[in-house]
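# Structural overview
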Amino acid sequence: MSNKLPISIKTILNEAEKVVQRGFDKHVKIAVTGFSGSGKTAFITALVRQLTAQVNKDNLPFFDVVHSGRFIACKQTTQEAMSVPTFDYRRAVSCLLDAEPSWPPATSRINMLTLALKYYAKQGLRAHLAPESTLYIELYDYPGEWLVDLPLLDMDYAGWSLQQLEKYQSPLYSTYAAAFLEELASLDVCAPADDLICAKIAKIHAELLKALKANTPATVLQPGRQLLPGELLDAPVLGFFPCHKPENEQENSVYRQLVERFEAYKETVVKPFYKNYFCEFDRQVVLVDIFASLQGGPAYMTELQEATQAMLALFEYGKSNWLSRLLKPKIDKVLFAANKCDSVSSTQHSNIVRLLDSLLQESHNTLRFDHVKIDTMAMSSVKSSIDRKVQEHGSTLDCVYGKPTNESNWITYLPSQVPTSIEASAIWPRHGYEFTSFSPLPAQQGQIGHIRMDHALQFLLGDKLR
Ligand SMILES: Nc1nc2c(ncn2[C@@H]2O[C@H](COP(=O)(O)OP(=O)(O)OP(=O)(O)O)[C@@H](O)[C@H]2O)c(=O)[nH]1
Ligand SMILES: [Mg+2]
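Report follows, based on the coordinates. (Residues numbered from 1 in each chain as written. Chains lettered and ligands numbered in written order. Predicted model: local features only at pLDDT ≥ 70, side-chain atom pairs only at ≥ 80, totals over all residues. Heavy atoms only, no water.)

### Looking at the coordination of the magnesium ion (ligand 2)
Cut-off, in case you're wondering: Ligating atoms shown are N, O and S within 2.8 Å of the metal, or 3.2 Å for Na, K and Ca, and water is not included, meaning a site may look less than complete. Each helix is a run of DSSP H or I of at least 4 residues and each strand a run of E of at least 2, with the numbering of both proceeding from the N terminus. Categorising residues by exposure relies on relative accessible area from a 1.4 Å probe, with only protein chains included: less than 20% of the type maximum marks a residue as buried, more than 50% marks it as exposed, and the intermediate range marks it as partly exposed.
Donor atoms from the polypeptide that coordinate the magnesium ion (ligand 2) comprise Thr 41 (OG1) and Thr 107 (OG1), at 2.0 to 2.1 Å from the metal. Placement of the pair is Thr 41 in helix 2 (residues 40-53) and Thr 107 in the loop between helix 4 (89-97) and strand 3 (111-119), with a sequence separation of 66 residues. Owing to a relative accessible area of 14%, Thr 41 belongs among the buried residues under this scheme. Accessibility expressed as a relative area gives 16% for Thr 107, which makes it buried.

Right, dumping it as structure tokens:
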């Protein structure tokens, strides 16, 4: 193979060390997955904060290593992947710790961090061999827009175009898609290939994606790099859009050019992203923003369901034992988290869990079949509201109290009642569902609040810290 690089002894040793660490459960790579705006960056920031600065029994009562007094310390450590930018934890956490807290900004590139967690082992060979052990936790953050491109790897241009055009013509999207569809109608796809025409229509398509992102809770906005091109801005590989297949496909035509670009996008953009960052995970957190989709309406709930299932299908799952972990790690535990659960009062948390379970029933079934342990939680990595009961006309209303994002006044807000199943959500209330998003609550004596972060940590890491 032409791209073989000389492998240094150091690399071999590093790899060997990594393999040994995996074998002894000392290395865990967590896939934090979720579409754009689902709360990945906030989750990673909160996780690092909880493990490095807020470790005490009152704050993390369900995290066994802390509860049983075996936690020693945790800190960010040198990462193995030298060419991946480091997650800017300081900047992200300073937003949350500010006197007027705000959410960390959206992510525009891939970045990562590794934590080293020292603890006393409580059982087995390790407890006898070494008084203290270290677990390395690897986390990647990336723009959610890029995640939705992964299913493209299993599609061809004609199939993708059909799916997209059908969607753009549906009542939900057609007002936003009008300019693009009009432009497409006047395009002769059998005409000779033309860079300028393709670039022009691709820009109109990118505008359509931006309008959908700004105004709707749509999750599947492809190609994701038209929204966040990074270093690919104006590169020909982004110069494509969906269009109908002509009866006679001609060589060197506009249509062929679009097919080639679509394939080039998969090969040079999506595949490397998948291969470099989405393989060899041990654990997975799937963050789902059900409130945005509920608010959007039944079609967006269905889209969220289908997009999540398509995304999950791309990961490697299975029960892993000592040997299989050594050779090729697979995800053996998946946490489904209805993040932002403090959009409603805690009396509704069980409804959220039931809704998320029913939404992802099919994926759960497939995972369980592969012996993967799963759990569903209503959580909030960073607490943003407080429960407040309000008496009105003799009845008690379960409200939440907080400061809506981008507003200056605190309000008491009565959110909609969350349905308990996807079927129940199909019987849509006349006025739909309404929720509001709040700014993070100010930290109390430097402690950032959370809801069930300790449960999440126990599920994801508990067995690795025994
Ligand atoms: N209540 C609550 N809201 C949250 C939480 N985490 C995130 N949010 C809200 O969700 C928004 C998006 O969060 P991010 O962490 O930036 O989401 P992301 O998945 O990293 O998004 P991309 O970087 O665009 O992929 C925030 O600006 C908040 O409004 C949480 O733990 N609780
Ligand atoms: Mg982010």
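### Observations regarding the sheet that holds strand 8 (residues 386-392)
Defined as follows: Strands are treated as partners if at least two bridges between them are detected by DSSP. Axis definition: a line fitted to C-alpha atoms, limited for helices to the stretch in contact. Angles are taken between N-to-C directions and run from 0 to 180 degrees.
Pairing is antiparallel across the open sheet formed by three strands, whose spatial order is 8-9-10. Of all the strands in the sheet, just strand 8 and strand 10 (411-413) have a single pairing partner and so form its edges. Pairwise comparison of adjacent strand axes, ignoring direction, gives a mean angle of 40° for this sheet. Here strand 9 (residues 395-402) pairs with strand 10 via three bridges, running antiparallel. The partner of Tyr 401 across the bridge, within strand 10, is Thr 412.

### Examining the nonpolar core
The condition that has to hold: Buried residues of nine kinds, namely Ala, Val, Leu, Ile, Met, Phe, Trp, Tyr and Cys, make up a nonpolar core once their side-chain atoms join them within 4.5 Å. Should any heavy atoms of two residues lie within 4.5 Å, those residues are considered in contact.
The biggest cluster of nonpolar side chains holds 85 residues, and the ones touching the most others in it are Tyr 168, Phe 241, Phe 278, Ile 290, Val 334, Phe 336 and Ile 352. By residue number, the principal contributor to this core is helix 10 (residues 254-277), which donates eleven residues. Filtering out sequence-adjacent residues up to four positions away, Val 334 remains in contact with Gln 284, Val 286, Tyr 317, Leu 367, Val 372, Lys 373, Ile 374, Asp 375 and Phe 459. The next biggest cluster of nonpolar side chains, apart from the first, holds 43 residues, and it includes Phe 43, Leu 51, Leu 96 and Val 382.

### Points about the sheet that holds strand 4 (residues 133-141)
The seven strands lie next to each other as 2-3-4-1-5-6-7, forming an open sheet whose pairing is mixed. What marks the edges here is a single partner per strand, and that holds for strand 2 (71-77) and strand 7 (373-378). Pairs of neighbouring strands in the sheet enclose a mean axial angle of 20°, with direction left out of account. Pairing between strand 2 and strand 3: six bridges, direction antiparallel. Directly across from Gln 76, in strand 3, lies its bridge partner Leu 115.

### Some thoughts on the pattern of salt bridges
Inclusion rule: By salt bridge we mean one thing: a side-chain nitrogen of Lys or Arg within 4 Å of a carboxyl oxygen of Asp or Glu.
What the rule picks out here adds up to 19 salt bridges. For Arg 261, the salt bridge is made with Asp 195, and the minimal N-O distance between the two is 3.1 Å. Placement of Arg 261 in helix 10 and of Asp 195 in helix 9 (residues 195-215) is noted, with a sequence separation of 66 residues between them. Looking at Arg 261, the relative accessible area reads 11%, which means it is buried. Here Glu 263 ties to Lys 266 by a salt bridge, and the two come within 3.4 Å at their closest N and O atoms. Of this pair, Glu 263 and Lys 266 both sit in helix 10, three residues apart, roughly one helical turn. Among the residues examined, Glu 263 registers a relative accessible area of 33% and is labelled partly exposed. When its relative accessible area of 10% is taken as the criterion, Lys 266 is described as buried. Three or more residues joined by partner-sharing salt bridges are found here, namely Arg 283, Asp 332, Lys 333 and Asp 463.

### Observations concerning the side chain of Asp 342
Quick note on the threshold: The positive count covers Lys and Arg only, the negative count covers Asp and Glu only, and His and the chain ends enter neither. Distance and chemistry together define a polar contact, namely a pair of N or O atoms within 3.5 Å, with one atom able to donate a hydrogen and the other to accept it when in protein, and with adjacent residues in sequence counting only for side-chain atoms on both sides.
Mapped onto the secondary structure, Asp 342 falls in the loop between strand 6 (333-338) and helix 14 (349-359). For the buried Asp 342, which has no salt bridge, the nearest side chain bearing the opposite charge is Lys 383, at an N-O separation of 6.9 Å. Side chain to side chain, Asp 342 and Ser 380 meet in a polar contact 3.1 Å long. Ignoring sequence-local partners within four residues, the contact set of Asp 342 consists of Ser 380, Val 382, Lys 383, Ser 384, Ser 385, Val 400, Phe 438 and Ile 451.

### Here we look at the packing of helix 2 against helix 17 (residues 453-461)
Going by this rule: Angular relationships are summarised with four words: roughly parallel below 35 degrees, roughly antiparallel beyond 145, roughly perpendicular across 65 to 115, and oblique for the angles in between. When residue character is reported, Ala, Val, Leu, Ile, Met, Phe, Trp, Tyr, Cys and Pro are called nonpolar, Asp, Glu, Lys and Arg charged, and the others, Gly included, polar.
Viewed as axis vectors pointing N to C, helix 2 and helix 17 meet at an angle of 85°, and their least axial separation amounts to 11 Å. As judged from the angle between their axes, helix 2 and helix 17 are roughly perpendicular. When helix 2 is examined against helix 17, the residues Phe 43, Ala 46, Leu 47, Gln 50 and Leu 51 are found in contact with a partner set consisting of Met 453, Leu 457 and Leu 460. The class makeup of the residues in the contact of helix 2 with helix 17 is seven nonpolar, one polar and no charged.

### What about the site of ligand 1?
The cut-off we apply is this: Nearness here has a simple test: a residue counts as near a molecule or strand if at least one of its heavy atoms is within 4 Å of that partner.
For ligand 1, the set of nearby residues contains 21 residues, the closest of which are Lys 40, Thr 41, Gly 144, Asp 342 and Ser 380. Lys 40 is positioned with one of its side-chain polar atoms (N or O) 2.8 Å from an oxygen atom of ligand 1. The backbone of Ser 381 places a nitrogen or oxygen atom 2.9 Å from an oxygen atom of ligand 1. In terms of residues, the shell around ligand 1 owes the most to one element, helix 2, which gives three residues. For the shell around ligand 1, the residue count by class is seven nonpolar, eleven polar and three charged.

### Considerations on the packing of helix 8 (residues 174-185) against helix 9
Quick reminder of the rule: Should the near helix be turned anticlockwise from the far one by less than a right angle, the crossing is left-handed, and should it be turned clockwise, the crossing is right-handed.
Between helix 8 and helix 9, the least distance of the axes is 9 Å, while the angle of their chain directions is 165°. Relative to helix 9, the element helix 8 is oriented roughly antiparallel. Note that helix 8 runs across helix 9; the crossing there is left-handed. Judged by residue contacts, Tyr 176, Ala 177, Ala 179, Phe 180 and Glu 183 of helix 8 engage Lys 200, Ile 201, Ile 204, His 205, Leu 208, Ala 211, Leu 212 and Asn 215 from helix 9. Taken together, the residues that form the contact of helix 8 with helix 9 break down as nine nonpolar, two polar and two charged.

### What to know about the packing of aromatic side chains
Note the following rule: Here is the rule: rings of Phe, Tyr and Trp (six-membered ring for Trp) pair when centre to centre is within 6.5 Å. Planes less than 30 degrees apart are stacked, more than 60 are edge-to-face, and the remainder are tilted. Definition used: whenever NZ (Lys) or CZ (Arg) falls within 6 Å of the ring centre and also within 35 degrees of the ring normal, the charge is taken to sit over that ring.
Following the criterion strictly, the structure yields 24 aromatic pairs and no others. Taken together, a centroid distance of 6.1 Å and an interplanar angle of 75° make the contact between Phe 180 and Phe 241 edge-to-face. Of the two residues, Phe 180 is situated in helix 8 and Phe 241 in the loop between helix 9 and helix 10; the sequence distance between them amounts to 61 residues. Each member of the pair, Phe 180 together with Phe 241, is buried. The residue whose ring lies beneath Lys 29 is Phe 281, and the NZ or CZ to ring-centre distance is 4.8 Å.

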